[in-house]
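What follows is the residue order along each chain.
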Amino acid sequence: MSDLMKWMYENYIRPQIESQPKDFGEAMIFDSLNNELDPQMRKHLQGALAFYATQGFRLGVRTGLTLDSDLG
């Protein structure tokens, strides 16, 4: 992941994701996962989440650019 994408993840993508409301079931899943993983595995999980969130963001940007003429 490039430095720009790391910055985008930490300063835009992650805060946007974390600000989304979670229902009780979703909150329980996240809390359970956080409590079950040891610190090193939590770090690895955060790395995997950062990768997939960044790839999803990039896909959304590319899709938006591609569909711009069709949607406009």
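Conventions we followed
- Residues numbered from 1 in each chain as written.
- Predicted model: local features only at pLDDT ≥ 70, side-chain atom pairs only at ≥ 80, totals over all residues.
- Heavy atoms only, no water.
- 1 Å grid on protein atoms, 1.4 Å probe; cavity = no way out; pocket = protein on both sides within 12 Å on 5 of 7 lines; lining within 4 Å.
- Points joined across faces, edges and corners; volume = space filled by probe spheres on them.
- Helix = DSSP H or I, 4+ residues; strand = E, 2+ residues; numbered from the N terminus.
- Axes fitted to C-alpha atoms, helices over the stretch in contact; angles between N-to-C directions.
- Parallel < 35°, antiparallel > 145°, perpendicular 65-115°, else oblique.
- Contact = heavy atoms within 4.5 Å.
- Nonpolar A, V, L, I, M, F, W, Y, C, P; charged D, E, K, R; others polar.
- Salt bridge = Lys/Arg side-chain N within 4 Å of Asp/Glu carboxyl O.
- Buried < 20%, exposed > 50% of the residue type's maximum accessible area, 1.4 Å probe, protein only.
- Core = buried A, V, L, I, M, F, W, Y, C linked by side-chain atoms within 4.5 Å.

**Student:** Please clarify how the layout of surface pockets should be interpreted in this entry.
**Tutor:** If a probe the size of a water molecule is rolled over the atoms, the empty space left behind becomes visible. Estimates place the volume of the largest pocket at around 480 Å³. Along the walls of the largest pocket sit 16 residues, with Ile17, Glu18, Phe30, Gln46 and Leu49 positioned nearest its centre. At the level of secondary structure, the elements contributing two or more residues to the lining of the largest pocket comprise helix 1 (3–18), helix 2 (24–36) and helix 3 (39–71). Broken down by element, the residue count for the lining of the largest pocket peaks at 5 residues, all from helix 3.

**Student:** Looking at this structure, I do not really get the packing of helix 1 against helix 3. What am I missing?
**Tutor:** The description of two helices packed together rests on the angle between their axes and the distance between the axes. One can describe the packing of helix 1 onto helix 3 by two numbers: an axis separation of 10 Å at closest approach and a directional angle of 90 degrees. In terms of orientation, helix 1 and helix 3 fall into the roughly perpendicular class. For the pair helix 1 and helix 3, the contacting residues are Met5, Met8, Tyr9, Tyr12, Ile13, Arg14 and Ile17 in the first and Gln46, Leu49, Ala50, Ala53, Thr54, Phe57 and Arg58 in the second. Within the contact of helix 1 with helix 3, the residues separate by chemical class into 10 nonpolar, 2 polar and 2 charged.

**Student:** Can you walk me through the pattern of salt bridges in this structure?
**Tutor:** Should the charged atoms of two oppositely charged side chains come close, the side chains can pair. By the definition in use, this model includes 2 salt bridges. Between arginine 14 and glutamate 10 there is a salt bridge, with its nearest N and O atoms 3.5 Å apart. Taken as a pair, arginine 14 and glutamate 10 lie in helix 1 at a separation of 4 residues, close to a single helical turn. Accessibility expressed as a relative area gives 27% for arginine 14, which makes it partly exposed. Judged by relative accessible area, which is 43%, glutamate 10 ranks as partly exposed. Among the salt bridges present, the one from arginine 14 reaches glutamate 18, with a minimum N-O distance of 2.9 Å. With arginine 14 and glutamate 18 both in helix 1 and 4 residues apart, the pair spans about one turn of that helix. Through salt bridges that share partners, Glu10, Arg14 and Glu18 make up one connected network.

**Student:** Help me understand the nonpolar core in this model?
**Tutor:** One broad rule of soluble globular proteins: the nonpolar side chains tend to lie buried together. In terms of nonpolar packing, the biggest core is built from 5 residues, these being Met8, Tyr9, Ile13, Ala50 and Ala53. Put simply, the parts of the chain that give this core at least two residues each are helix 1 and helix 3. Sort the elements by how many residues they give to this core and helix 1 lands first, with 3 residues. The residues touching alanine 53, leaving out its near neighbours within four places in the chain, are Tyr9, Ile13 and Ile17.

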